[in-house]
Amino acid sequence: RVPFIVSWPKQLPAGKVCEVPVMAFDIFATSVSAADGKIPTDKEYDSRNILPILKGEQTEPPRSTLYWHPGGAHRIAIRHQNWKLLCNNKKAFEPMLFDLSKDLGETVDLATKHPEKVKELNALHQTWREKMLRETKALLGEDFEGLAK
């Protein structure tokens, strides 16, 4: 749960813990902003500038949904608002669903109690995955075919 540690004396308060969900790749946009640079506009970047969050000027997350693949391409994790879904595209284990507002330690699996939420988060992941596959294919062309399987 600690994507990175930041130290910037005279700009950021020391010893502060940020509870806002961010991703490690947010370092890119944040560093560009800190250097008074501009993000290229030739494509869409996943990175978000989180300086306002680090400075305490903003408390809202930079995105409402986070997607990642813990431990391999077939394992997926989705955090949407306070819900987190873990599952495996290869069906090696059943989906696990957690309400992080009540269970930050992810000890109580709610997947069977909230099948509609599992379905909703799976649909979000599928939409995101299809977008990523399209963008990767456009970038890599024919070299991509073997990676998509």
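Here goes a summary of the coordinates provided. Fair warning: this is a prediction, and the values are worked out from it, not measured in the lab.

Here's the deal with the overall build of the protein chain
Consideration 1: Within the protein chain, the regular secondary structure consists of three helices and four strands.
Consideration 2: Listing every helix and strand of the protein chain by position from the N terminus yields α-α-β-β-β-β-α.
Consideration 3: Buried residues in the protein chain amount to 29% of all 149 residues.
Consideration 4: Here the contacts in the protein chain between residues at least 6 apart in sequence split such that 34% fall between residues at least 24 apart.
Consideration 5: Total accessible area computed for the protein chain in this model is approximately 10200 Å², and 55% of it derives from carbon and sulfur atoms.

Thoughts on the sheet that holds strand S3 (residues 83-88)
Consideration 1: Spatial ordering of the open sheet is given by S1-S2-S3-S4, a layout of four strands whose pairing is antiparallel. Among the strands making up the open sheet, the edge pair consists of strand S1 (65-68) and strand S4 (96-99). Sheet twist, expressed as the mean angle between neighbouring strand axes with direction ignored, is 10°.
Consideration 2: The pairing of S3 with S4 spans four bridges and is classified as antiparallel. By the bridge assignment, Trp 83 is partnered in S4 with Asp 99.

Scoring rules and cut-offs
Residues numbered from 1 in each chain as written. Predicted model: local features only at pLDDT ≥ 70, side-chain atom pairs only at ≥ 80, totals over all residues. Heavy atoms only, no water. Helix = DSSP H or I, 4+ residues; strand = E, 2+ residues; numbered from the N terminus. Buried < 20%, exposed > 50% of the residue type's maximum accessible area, 1.4 Å probe, protein only. Contact = heavy atoms within 4.5 Å. Areas by Shrake-Rupley, 256 points an atom, 1.4 Å probe, with all protein chains shown as cover. Pairing = 2+ DSSP bridges. Axes fitted to C-alpha atoms, helices over the stretch in contact; angles between N-to-C directions.

In short, shape yes, function no, at least from these values alone.
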